[in-house]
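# Summary of structural features
Spelled out from the first residue to the last, the chains are:
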Amino acid sequence: MDAQAIQSGLDRVEDWLQRKQPFALLLIAACEPLFFGDAAMLRMVAQRVEDAGDTLHRSLLGVAVVVPEAITDAARQSLARLPLDMPLEIFEKGLHAAEWLCRSVLKPAGLAIDSL
């Protein structure tokens, strides 16, 4: 995942924010995302999160991140540096992440996924 891919992903989140509807994110990384070890990239992501401000915190209900076991600690450390004030969990299996999103994020908001 390079800088352009991260920018593109952040642009998609901003598109969702413009809808002014609640949503959750399920992020799946098949390899170590570039920004985990890149301080400048992490600052850029943090700045985009801060710029989205209250809109982000009103609309984005929670985030589940799926990463390979080998990078779980790096993911946790990097994501902890982001100004995210919402439920966020890291998983090694996509199904566990989706189940957590349904149970802990969507259901309390009165939302559901039709099927997994």
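Just above sits the structure.
The structure reproduced in this document is the subject of the present report. (Residues numbered from 1 in each chain as written. Predicted model: local features only at pLDDT ≥ 70, side-chain atom pairs only at ≥ 80, totals over all residues. Heavy atoms only, no water.)

## Comments concerning the pairing of strand β3 (residues 88-91)
Examined bridge by bridge, strand β2 (residues 60-66) and β3 share 4 bridges and lie parallel to one another. Bridge pairing in β3 links A64 to E89. Read as a crossover between parallel neighbours, the route from β2 over helix α3 (residues 72-80) to β3 is right-handed. (Pairing = 2+ DSSP bridges. Helix = DSSP H or I, 4+ residues; strand = E, 2+ residues; numbered from the N terminus. Right-handed = clockwise from strand over helix to strand, strands pointing away.)

## Description of the packing of aromatic side chains
The geometry of an aromatic ring pair comes down to the distance between the two centres and the angle between the two planes. For the structure on display, the rule yields 2 aromatic pairs. Seen from their ring centres, F91 and W100 are 5.8 Å apart, and the 50° between their planes marks the pair as tilted. Across the pair, exposure class does not vary: F91 and W100 are buried alike. Against the face of W16 rests R19, its NZ or CZ located 3.9 Å from the ring centre. (Phe/Tyr/Trp six-rings, centres within 6.5 Å; stacked < 30°, edge-to-face > 60°. Buried < 20%, exposed > 50% of the residue type's maximum accessible area, 1.4 Å probe, protein only. Lys NZ or Arg CZ within 6 Å of the ring centre and 35° of its normal.)

## Examining helix α2 (residues 39-59)
Of all the bends in α2, the greatest, near 85°, is centred on G53. Within α2, the full set of buried residues consists of M41, L42, V45, A46, R48, V49, A52, G53, L56 and S59. Buried-residue contacts for α2 involve α1 (3-18), β1 (23-28), β2 and α3. (Bend = angle between axes of the 7 residues up to and from the residue. Contact = heavy atoms within 4.5 Å.)

## Concerning the pattern of salt bridges
Opposite charge on two side chains permits pairing when their charged atoms draw close. For the structure shown, the criterion picks out 2 salt bridges. Residues R48 and D11 are paired through a salt bridge, measuring 2.7 Å at the closest nitrogen-oxygen approach. Separated by 37 residues along the polypeptide, R48 in helix α2 and D11 in helix α1 bring together distant segments of the chain. For D11, a relative accessible area of 37% puts it in the partly exposed group. Residue E14 is joined to R48 by a salt bridge in which the shortest nitrogen-to-oxygen separation is 3.1 Å. Residue E14 is found in helix α1, and its partner R48 is found in helix α2; the two are separated by 34 residues along the sequence. Ionic contacts of the salt-bridge type, sharing partners, join the residues D11, E14 and R48 into one network. (Salt bridge = Lys/Arg side-chain N within 4 Å of Asp/Glu carboxyl O.)

## A short note on the environment of A24
Here A24 is to be found in strand β1. Along the primary structure A24 and S59 are separated by 35 residues, whereas in three dimensions their C-alpha atoms are 8.3 Å apart. When near neighbours in sequence (up to four residues on either side) are disregarded, A24 contacts L60, G62, L101, V105 and L106.

## Focus on the sheet that holds β3
Within a beta sheet, neighbouring strands are joined by backbone hydrogen bonds and run either parallel or antiparallel to one another. Overall, parallel pairing links the 3 strands, which are arranged β1-β2-β3 in an open sheet. The open sheet has two edge strands with one neighbour each: β1 and β3. Taken pair by pair, the neighbouring strands of this sheet meet at an average axis angle of 15°, ignoring direction. Across the sheet, α2 is in contact with β1 and β2; its angle to β2 comes to roughly 80°. (Axes fitted to C-alpha atoms, helices over the stretch in contact; angles between N-to-C directions.)

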